[in-house]
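# Structure at a glance
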Amino acid sequence: AFVMAMPVIEALGCDKAKCVPFIPLLLVLGKLKRAGKLSPWVGPAISCFFGVKGYVSPSQNLREFGMSGELSPFGVMFAKLEASCLLAFGAYLTALALDASPSTAFGAAYAVLAAAALLAGIVDAGAAGMSKAPMFIWAALASGIAYAALGE
């Protein structure tokens, strides 16, 4: 995920070198979890911690990764939506740690994405000078996906 996010990290003016150490760390944690040597709650804790941190304080969070300047209202919305992906991943991992089925975990993740899109439409889209409709459509689609996955 970090490798795929590098263009976004660059566009936000963050220092890629501050993000790169997370790649081997997450690989090691994944291997330890797969080998049964790590609690299934480590992944959800890390994802949720960084997701909440990025959602609640997007500007501060990005400054810690080397971004200079301030985020525009659109940048704030974008950073919150990016953080909501970490929260969705945390929901997915939490569901799996609770022995839920992969479908249920997927539904939980999409429920988080639906909530984030709804909040972006209610709170952030207007301040960013954009129509709220795309966020509400995204929320409706994500809700439908969550509903279908949770119903299996």
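Residues numbered from 1 in each chain as written. Predicted model: local features only at pLDDT ≥ 70, side-chain atom pairs only at ≥ 80, totals over all residues. Heavy atoms only, no water.

Further remarks concern the side chain of Asn61. The residue Asn61 is located in helix α5 (residues 58–64) in this model. The class for Asn61 is buried, based on a relative accessible area of 13%. Asn61 has contacts with Lys53 and Gly54, leaving out every residue within four places of it along the chain. (Helix = DSSP H or I, 4+ residues; strand = E, 2+ residues; numbered from the N terminus. Buried < 20%, exposed > 50% of the residue type's maximum accessible area, 1.4 Å probe, protein only. Contact = heavy atoms within 4.5 Å.)

Let us now look at the environment of Pro73. Inspection of the secondary structure puts Pro73 in helix α6 (residues 73–97). Sequence separation of Pro73 and Gly121 is 48 residues, and the distance between their C-alpha atoms is 13 Å. Setting aside chain neighbours within four positions, we find Pro73 in contact with Ala127 and Ala128.

Take the nonpolar core next. The biggest cluster of nonpolar side chains holds 12 residues, and these are Ala5, Met6, Ile9, Leu12, Cys14, Cys19, Phe22, Leu62, Phe65, Met67, Leu71 and Ala79. With 3 residues, the single largest contributor to this core is helix α1 (residues 2–11). The next biggest cluster of nonpolar side chains, apart from the first, holds 6 residues, and it includes Met77, Leu81, Ala120 and Met135. (Core = buried A, V, L, I, M, F, W, Y, C linked by side-chain atoms within 4.5 Å.)

Attention shifts here to a nonpolar patch on the surface. On the surface, Leu118, Leu119, Ile122, Val123 and Phe136 cluster together to form a nonpolar patch covering roughly 420 Å² of accessible area. It is helix α7 (residues 102–124) that contributes the most residues to the nonpolar patch, 4 residues altogether. Along the chain, the position of Phe136 falls in helix α8 (residues 133–150). (Patch = residues over 30% accessible without salt bridge, like charges linked within 9 Å, V, L, I, M, F, W, Y side chains within 5 Å. Areas by Shrake-Rupley, 256 points an atom, 1.4 Å probe, with all protein chains shown as cover. Salt bridge = Lys/Arg side-chain N within 4 Å of Asp/Glu carboxyl O.)

Enumeration according to the criterion identifies 2 aromatic pairs in this entry. Ring plane angle 85° and centroid distance 5.0 Å describe the contact between Phe49 and Phe50, whose orientation is recorded as edge-to-face. Under the relative-accessibility criterion, Phe50 is labelled partly exposed at 24%. Seen in terms of ring centroids, Phe106 and Tyr110 are 4.9 Å apart; in terms of plane orientation they differ by 45°. Their pairing is tilted. Of this pair, Phe106 and Tyr110 both sit in helix α7, 4 residues apart, roughly one helical turn. Residue Phe106 is classed as partly exposed on the basis of its relative accessible area, which comes to 39%. (Phe/Tyr/Trp six-rings, centres within 6.5 Å; stacked < 30°, edge-to-face > 60°.)

With that out of the way, let us pick up helix α4 (residues 42–56). Between its first and last C-alpha, α4 extends 21 Å over 15 residues, near the 21 Å set by a 1.5 Å rise per residue. Where α4 is concerned, the buried positions are Pro44, Ser47, Gly51, Gly54 and Tyr55. Along α4, the residues classed as buried sweep out an arc of 115° about the axis, all on the same side. On its buried face, α4 sits against α5, α6 and α7. (Expected span 1.5 Å × (residues − 1). Arc of directions from axis to C-beta.)

Function cannot be inferred from these measures alone, as they are strictly geometric.
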